[in-house]
Amino acid sequence: MAETDKALQELEDLFAAARAEPPALPQSLTAAILADAAHAQSGFQAAAPGPAARQPLWRQLIEAIGGWPAIGGLAAASAAGLWIGMAPPSFVPDPVVLAGFEDANTAVPYDSYDMAAVLSEDLQ
């Protein structure tokens, strides 16, 4: 047990010494990183639209939503919502019952939509 504690203490001393003296970047690497960053930033500034190059309203809307991936997700969610609304699963309650109507057939004056029965009752 004492040997394990001694090995852990030696390892902790090595980590403390490494944390005390962080390695320095070579000057050539720092210059290369800064040159690459300046080159990348100049490309972004040239591609930015100015006041003379206004984008159409639909492109601004698409960018505000999040681009084409967000539009695709929005379309998929809308299609799924329409599908579930038109043909709900059996465990989803009927929205007509939730709205307060007792039965969908009670609003219809006749028991069925049979046109012959409607006409025969009207003629009598």
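Conventions we followed
- Here the residue numbering is sequential within each chain, running from 1 through the sequence in written order.
- Reporting in this predicted model follows two pLDDT cut-offs: at least 70 for local features of residues, and 80 or more for side-chain atom pairs to be given and counted; totals over whole chains, interfaces and linings ignore these cut-offs and use all residues.
- Each side-chain value is worked out from all heavy atoms of the structure, with water and hydrogens disregarded.
- Under the scheme used here, helices are H or I runs from DSSP no shorter than 4 residues and strands are E runs no shorter than 2 residues, and both carry numbers assigned from the N terminus.
- What sets the accessible areas is the Shrake-Rupley method with a 1.4 Å probe; for residues, cover comes only from the shown protein chains.
- A side-chain nitrogen of Lys or Arg and a carboxyl oxygen of Asp or Glu constitute a salt bridge if their distance falls within 4 Å.
- Exposure above 30% relative accessible area and no salt bridge define the residues that can form patches, which grow by joining like charges within 9 Å and nonpolar side chains of Val, Leu, Ile, Met, Phe, Trp and Tyr within 5 Å.
- Relative accessibility thresholds used throughout: buried, under 20% of the residue-type maximum; exposed, over 50%; partly exposed, between the two (1.4 Å probe, protein chains only).
- For every residue, the predictor assigns a confidence score, pLDDT, that lies between 0 and 100.
- Between the N-to-C directions of two axes lies an angle of 0 to 180 degrees, each axis being a line fitted to C-alpha atoms and, for a helix, fitted only over the stretch in contact.
- Every angle not falling under 35 degrees, over 145, or within 65 to 115 is termed oblique; those three ranges are roughly parallel, roughly antiparallel and roughly perpendicular.
- It only takes one pair of heavy atoms within 4.5 Å for two residues to be counted as in contact.
- Gly falls in the polar group here, along with every residue not listed as nonpolar (Ala, Val, Leu, Ile, Met, Phe, Trp, Tyr, Cys, Pro) or charged (Asp, Glu, Lys, Arg).

When helices and strands are tallied, the protein shows 6 helices and 0 strands. Carbon together with sulfur atoms contributes 66% to the accessible area of the protein, which is approximately 11,100 Å² in total.

This brings us to the pattern of salt bridges. Following the criterion strictly, the structure yields 1 salt bridge and no others. Its salt-bridge partner being arginine 19, residue glutamate 12 comes within 3.2 Å of it at the nearest N-O pair.

Let us now look at a nonpolar patch on the surface. Where nonpolar side chains cluster on the molecular surface, the patch consists of Leu8, Leu11, Leu14 and Phe15 and spans about 410 Å² of accessible area. The topology assignment puts leucine 14 in helix H1 (residues 2–20). Looking at leucine 14, the relative accessible area reads 59%, which means it is exposed.

This paragraph deals with the confidence of the model for the protein. With 69% of its residues at a pLDDT of 70 or more, the protein has an overall mean of 79. In the model of the protein, helix H6 (residues 115–123) stands out as the element of lowest mean pLDDT, 62, in contrast to helix H4 (residues 68–86), which has the highest, 92.

Where helix H3 (residues 57–65) meets H4, the axes come as close as 7 Å, and the angle between the chain directions of the two elements is 80°. The pairing of H3 with H4 is recorded here as roughly perpendicular in orientation. Here H3 contributes Trp58, Ile62 and Ile65 to the contact with H4, which in turn contributes Trp68, Ala70 and Ile71. Considered class by class, the residues forming the contact of H3 with H4 number 6 nonpolar, no polar and no charged.

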